[in-house]
2 protein chains.
Amino acid sequence: MIGSYSLTTEELQEAYGDGACNCPSPNEQMALVFSQARPFDLVELEQLLRSVGWSQRPMRKVQIALDNSLLKVGLWRHDQSFPRLIGFARCTGDGVLEATVWDVAVHPIYQGFGLGKLLMDYVNRSLRDIGIRRITLFADPGVVAFYKSQGWLLEPKGHRCAFWYAN
Amino acid sequence: MIGSYSLTTEELQEAYGDGACNCPSPNEQMALVFSQARPFDLVELEQLLRSVGWSQRPMRKVQIALDNSLLKVGLWRHDQSFPRLIGFARCTGDGVLEATVWDVAVHPIYQGFGLGKLLMDYVNRSLRDIGIRRITLFADPGVVAFYKSQGWLLEPKGHRCAFWYAN
């Protein structure tokens, strides 16, 4: 059911910036686009993240976090005048040795069509393109199976994840 | 046995840069200093990391990784003319929401005196000072107990760590 409606290179560039590309869509009436360049509306981004259960964070901090991220990917439902943000992921890292993925989300309405896998494929490919050989993330219990099915290794070589919370 | 020999504020500033501070030393003849500003000799840094079992990495990439790190901490054995790097840790992150610790090392000769704990205390304090509330890391099997004993939570709320390797 992955459909046929997609944007031309010129349309992609104009609305979504450098490096944007079509994402296979589950509905032929609906074009989906991956973009690293189109700016986010912070309210829309926080609504998306909250729709998948993340807790709210101060807008000012989110903006700084985005500015300081190695990679920010938006998955947009294309519309000539008002594209909607339906998926997101970002990475922190040093640009060469380490990259860590955070805040992966696909809006619940658009889940179940394999878009999460396509989003992660896009993230992995983008990081590989800049020379990153290993990507890391901390998976919530509910998405462990999702990552495992895509070839992510859980606790390779006995690695454990550790969190420290400031008082 | 934590000793008394330490540097004055002026000495710290001159040799180790802004924000440097004394580290309690296990030997009163030996002054130890934490610094975020003193530049690293890449050969010395790689020797330190290899002494604790890290595999060698291309020097050029290490330099970029350091440049792009949120925080780089050296633990130095003070010497007027030739301070030696005996400990290291760095963090990547977005500066406000996420910080991840990498490449923690204390040279084997200096292990067993609690310096690893002091190093991590310094890292945590430095990150807290810039407003980071949660710090993450991927612990090798051999150091899981070390982090646990310092209050790091392993897989809090069922988090699992996932690694993806580029082909």
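Residues numbered from 1 in each chain as written. Chains lettered and ligands numbered in written order. Predicted model: local features only at pLDDT ≥ 70, side-chain atom pairs only at ≥ 80, totals over all residues. Heavy atoms only, no water.

Q: Explain the sheet that holds strand S1 (residues 21–23) of chain B here, please?
A: Backbone hydrogen bonds hold the strands of a sheet together, and the pairing may be parallel or antiparallel. Ordered in space as S1(B)-S2(B)-S3(B)-S4(B)-S5(B)-S6(B)-S8(A)-S7(B), the eight strands form an open sheet in which the pairing is mixed. At either end of the open sheet lies a strand with only one pairing partner, and these are S1 and strand S7 (153–154) of chain B. Across two bridges, the pairing between strand S8 (residues 160–165) of chain A and S7 of chain B is antiparallel. In the strand pairing of S7 of chain B, Ala162 of chain A is matched with Leu154 of chain B. The sheet contacts of helix H2 (residues 42–51) of chain B involve strand S3 (71–77), strand S4 (84–93) and strand S5 (99–106) of chain B, and relative to S4 of chain B the element is tilted by about 90°. (Pairing = 2+ DSSP bridges. Helix = DSSP H or I, 4+ residues; strand = E, 2+ residues; numbered from the N terminus. Contact = heavy atoms within 4.5 Å. Axes fitted to C-alpha atoms, helices over the stretch in contact; angles between N-to-C directions.)

Q: Explanation requested: the relation of the copies chain B and chain A in the structure shown.
A: Note on the chain copies: they are related by a rotation about an axis and a translation along it. It takes a turn of 180° to lay chain B on chain A, together with a shift of 0.0 Å along the axis; the resulting RMSD is 0.0 Å. Taken together, the rotation and translation relating the two chain copies correspond to the operation of a two-fold axis. Nearest to the rotation axis, the C-alpha of Cys161 of chain B is located 2.8 Å from it, this being the minimum over chain B. In this assembly, 100% of the residues forming the interface of chain B have copies in chain A that are likewise at the interface, indicating an isologous arrangement. (Least-squares fit on C-alpha atoms with pLDDT ≥ 70 in both.)

Q: Help me understand the side chain of Asp94 of chain A, please; the structure alone is not making it clear to me.
A: Relative to the helices and strands, Asp94 of chain A resides in the loop between strand S4 (84–93) and strand S5 (99–106). Residue class for Asp94 of chain A comes out buried when judged on its relative accessible area of 0%. At 2.8 Å, the side chain of Asp94 of chain A and the side chain of Arg90 of chain B are in polar contact. Contacts of Asp94 of chain A, omitting those with residues within four sequence positions, involve Ile64, Ala65, Asn68, Arg90 and Thr92 of chain B. (Buried < 20%, exposed > 50% of the residue type's maximum accessible area, 1.4 Å probe, protein only. Polar contact = N/O pair within 3.5 Å; in protein donor to acceptor, adjacent residues only side chain to side chain.)

Q: What exactly am I supposed to notice about the interface of chain B and chain A here?
A: Put simply, an interface is often sized by how much accessible area is lost when its parts join up. In this assembly, 48 residues from chain B lie in contact with 48 residues from chain A. Between chain B and chain A, the buried area comes to about 4900 Å², and carbon and sulfur atoms account for 60% of it. Considering only the surface of chain B that becomes buried against chain A, Arg160, Phe163 and Trp164 of chain B emerge as the three largest contributors, covering 17% of it. Connecting chain B to chain A are four salt bridges. In this structure, the connection of chain B to chain A is made through 20 residue pairs in polar contact (both at pLDDT 80 or more). Breaking the side of chain B that touches chain A down by element, the ones donating at least two residues are helix H3 (59–67), S4, S5, helix H4 (115–129), strand S6 (134–139), S7 and strand S8 (160–165) of chain B. Broken down by class, the residue content of the side of chain B that touches chain A amounts to 23 nonpolar, 13 polar and 12 charged. Relative to S8 of chain B, strand S6 (residues 134–139) of chain A runs antiparallel, the two being bridged by six bridges. Within S8 of chain B, the residue paired with Ile135 of chain A across the bridge is Trp164 of chain B. (Buried area = accessible area lost by both parts, 1.4 Å probe. Salt bridge = Lys/Arg side-chain N within 4 Å of Asp/Glu carboxyl O. Nonpolar A, V, L, I, M, F, W, Y, C, P; charged D, E, K, R; others polar.)

Q: Looking at this model, I keep getting lost on the nonpolar core. Mind explaining?
A: Val101, Leu115, Val123, Leu127, Leu137 and Trp152 of chain B are the most contacted members of the largest nonpolar core, which has 32 residues in total. Leave out the neighbours within four places in its chain, and Trp152 of chain B touches Ala162, Phe163 and Trp164 of chain A together with Val101, Met120, Asn124, Ile135, Thr136, Leu137 and Tyr147 of chain B. Residues Ala89, Leu119 and Leu137 of chain A together with Trp164 of chain B belong to the second largest nonpolar core, which totals 31 residues. (Core = buried A, V, L, I, M, F, W, Y, C linked by side-chain atoms within 4.5 Å.)

Q: Would you mind showing me how to read the pattern of salt bridges here?
A: For side chains bearing opposite charge, pairing can occur when the charged atoms are close. For the structure shown, the criterion picks out 14 salt bridges over all chains. Linking Arg160 of chain A and Glu155 of chain B is a salt bridge whose minimum nitrogen-to-oxygen distance equals 2.9 Å. Here Glu155 of chain B lies in the loop between S7 and S8 and Arg160 of chain A lies in strand S8, a pairing that spans two chains. Three or more residues joined by partner-sharing salt bridges are found here, namely Glu46, Arg57, Arg90 and Asp103 of chain A together with Asp94 of chain B.

Q: Help me understand the environment of Ala65 of chain A, please; the structure alone is not making it clear to me.
A: Its location among the elements puts Ala65 of chain A in helix H3 (residues 59–67). Separated by 25 residues in the primary sequence, Ala65 of chain A and Arg90 of chain A have C-alpha atoms spaced 9.6 Å apart. Apart from the residues within four sequence positions on either side, Ala65 of chain A is in contact with Arg90 of chain A together with Asp94, Val96 and Leu97 of chain B.

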